Amino acid sequence: MALLRRLEDQFPILESNAKVGIGVATGNDGIYITKDADLVEHSRLLKLALAKDLVGGELRWSGHYLVDPWNSNGLVDLDDYPQLRKYYTEHASALKRRHTAEKNSRGWYKTIDRVNHALSAKSKLYIADIRNHLDPVLDRGETYPHHNLYFIQSDQWDLEVLGGLLMSAVGQFFIESYGVRMRGGYFRFQAQYLRRIRVPAPKTVSGDQSRELINAFRQRDRQRATQVALALYGINSRLLETALGH
């Protein structure tokens, strides 16, 4: 606890230079998620990343799409999209039974969460919930996250540098301090815990340290990432091991 309090006093929270969020909840994934690229108008299909798409430290898109009822102005007019209107109408009974539809009868076809389309084109780190290690994976602006994925987006950080920091034993220390441990030793990687992680300001990370963290992130080398993180946080390895109970 003494180590945690010291780090909280010395370093800013992650959201000082990044945004932490969660992907889209639909209220009925069986209807809103598809692998059929011809199901509705192409503009109404949004490439969707699922937790199972994070494999071996990489994003391997499984071909799933969100059947998307949103545009930049809000809910689309179904009259403008005959295929989408036909598809939603076929499933209207199930969609209207959702709590979100009961609260808004005119928007009965909306997903629980509104889609922020600008996020799709931005690089971001994905973190799957319920894992034994903090294991961020980079999306280079290719997909939109499903609600079983948390994301970190930043215009200040090189996300591979940040990813290296988070996958280090210091990043794991924060999660083990804040998060809920599940049966089997797994942790909940939820936004409220991720937001509390302390990280150095991006400008305090040297060029050499950045390169080391990038390489560690790409190679999924936690030990290498931890060595850089220890220096950045001013922690010795024995103290961290004691704090982690190793």
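All residue numbers refer to positions counted from 1 along the written sequence of the respective chain. It should be noted that, the model being predicted, local features are given only for residues of pLDDT at least 70 and side-chain atom pairs only at 80 or more, the latter also being counted only at that level, while totals for whole chains, interfaces and linings use all residues. Hydrogens and water are ignored here; the side-chain numbers use all heavy atoms of the structure.

A. Layout of the sheet that holds strand β10 (residues 137–140). Strand pairing requires that DSSP identify at least two bridges connecting the strands. To qualify as a helix, a DSSP run of H or I must reach at least 4 residues; to qualify as a strand, a run of E must reach at least 2; elements of each kind are numbered from the N terminus. Reading across the sheet, the four strands line up as β1-β12-β9-β10 and stay open at both edges, with antiparallel pairing between neighbours. Two strands lie at the open edges of the sheet, namely β1 (19–22) and β10, each paired on one side alone. Adjacent strand axes in the sheet meet at a mean angle of 30°, parallel and antiparallel pairs treated alike. Note that β1 and strand β12 (residues 149–153) share four bridges and pair antiparallel. Bridged to Ile-22 within β12 is Tyr-150. Against the sheet, helix α7 (residues 159–167) touches β9 (123–128), β10 and β12, its axis set at about 20° to β9. Here an axis means a line fitted to C-alpha atoms, over the contact stretch when the element is a helix, while the angle between two N-to-C directions is reported on a 0 to 180 degree scale. The contact criterion used throughout is that any non-hydrogen atoms of two residues lie within 4.5 Å.

B. Structural view of the packing of helix α8 (residues 169–178) against helix α11 (residues 222–233). It is the contact of α8 with α11, at a shortest axis distance of 8 Å, that shows an interaxial angle of 70°. By the angle class used here, α8 and α11 are roughly perpendicular. Together, Ala-169, Val-170 and Phe-174 of α8 and Thr-226, Ala-229, Leu-230 and Tyr-233 of α11 make up the contact between the two elements. Three classes are used: nonpolar for Ala, Val, Leu, Ile, Met, Phe, Trp, Tyr, Cys and Pro, charged for Asp, Glu, Lys and Arg, and polar for all others, with Gly counted as polar. Its residues placed into classes, the contact of α8 with α11 shows six nonpolar, one polar and no charged. What sets the label is the angle itself: under 35 degrees gives roughly parallel, over 145 gives roughly antiparallel, 65 to 115 gives roughly perpendicular, and the rest give oblique.

C. View of unusual backbone geometry. One non-glycine residue with positive phi stands out, namely Arg-220, at about 55°. By the secondary structure assignment, Arg-220 is in the loop between α10 (207–219) and α11. Exposed residues in this analysis have more than 50% of their type's maximum accessible area, buried residues have under 20%, and partly exposed residues fall in between, with area computed by a 1.4 Å probe over protein chains only. Taking relative accessible area as the criterion, Arg-220 reaches 22% and is therefore assigned partly exposed.

D. Spotlight on α11. An expected span of 1.5 Å times one less than the residue number is assigned to each helix. Compared with the 16 Å implied by 1.5 Å per residue over 12 residues, the 16 Å span of α11 between its first and last C-alpha is a close match. Considered for burial, the residues of α11 that qualify are Ala-225, Thr-226, Val-228, Ala-229, Leu-230, Leu-232 and Tyr-233. Identification of polar contacts relies on pairs of N or O atoms within 3.5 Å, with a donor-acceptor requirement for protein atoms, meaning one able to donate a hydrogen and the other able to accept it, and with residues adjacent in sequence counted only if both atoms are side-chain atoms. With a side-chain oxygen positioned 3.3 Å from the backbone nitrogen of Gln-223, the residue opening α11 is Asp-221. Backbone geometry just after α11 places Gly-234 at a positive phi near 70°.

E. Main features of the pattern of salt bridges. Salt bridges are identified by distance alone: a Lys or Arg side-chain nitrogen within 4 Å of an Asp or Glu carboxyl oxygen. With the rule as written, the count across this model stands at 13 salt bridges. The residue Glu-90 makes a salt bridge to Lys-86 at a minimum N-O spacing of 2.6 Å. In this pair, Glu-90 and Lys-86 are both assigned in helix α3 (residues 82–90), four residues apart and thus about one turn of the helix distant. The same class applies to Glu-90 as to Lys-86, namely exposed. When the shortest N-O distance is used, the salt bridge between Arg-220 and Asp-135 registers 2.5 Å. Within this pair, whereas Arg-220 is found in the loop between α10 and α11, its partner Asp-135 is found in the loop between β9 and β10, the two being separated by 85 residues in sequence. The partly exposed category is assigned to Asp-135, whose relative accessible area is 28%.

F. How the structure looks around the side chain of Ser-120. Structurally, Ser-120 can be placed in helix α6 (residues 117–120). Among the residues examined, Ser-120 registers a relative accessible area of 12% and is labelled buried. Those residues in contact with Ser-120 that sit more than four places away from it in its chain are Leu-46, Asp-139, Gly-141, Glu-142, Thr-143 and Tyr-144.

G. Geometry of a nonpolar patch on the surface. Nonpolar side chains collect at one region of the surface, where Ile-130, Val-180, Met-182 and Tyr-186 lie side by side and expose about 310 Å² of accessible area between them. For Val-180, the position within the fold is in the loop between α8 and α9 (191–194). Residues form patches when they are more than 30% accessible in relative terms and have no salt bridge. Like charges link within 9 Å. Nonpolar side chains (Val, Leu, Ile, Met, Phe, Trp, Tyr) link within 5 Å. Per-residue accessibility takes into account occlusion by the displayed protein chains alone, with areas from the Shrake-Rupley method and a 1.4 Å probe.

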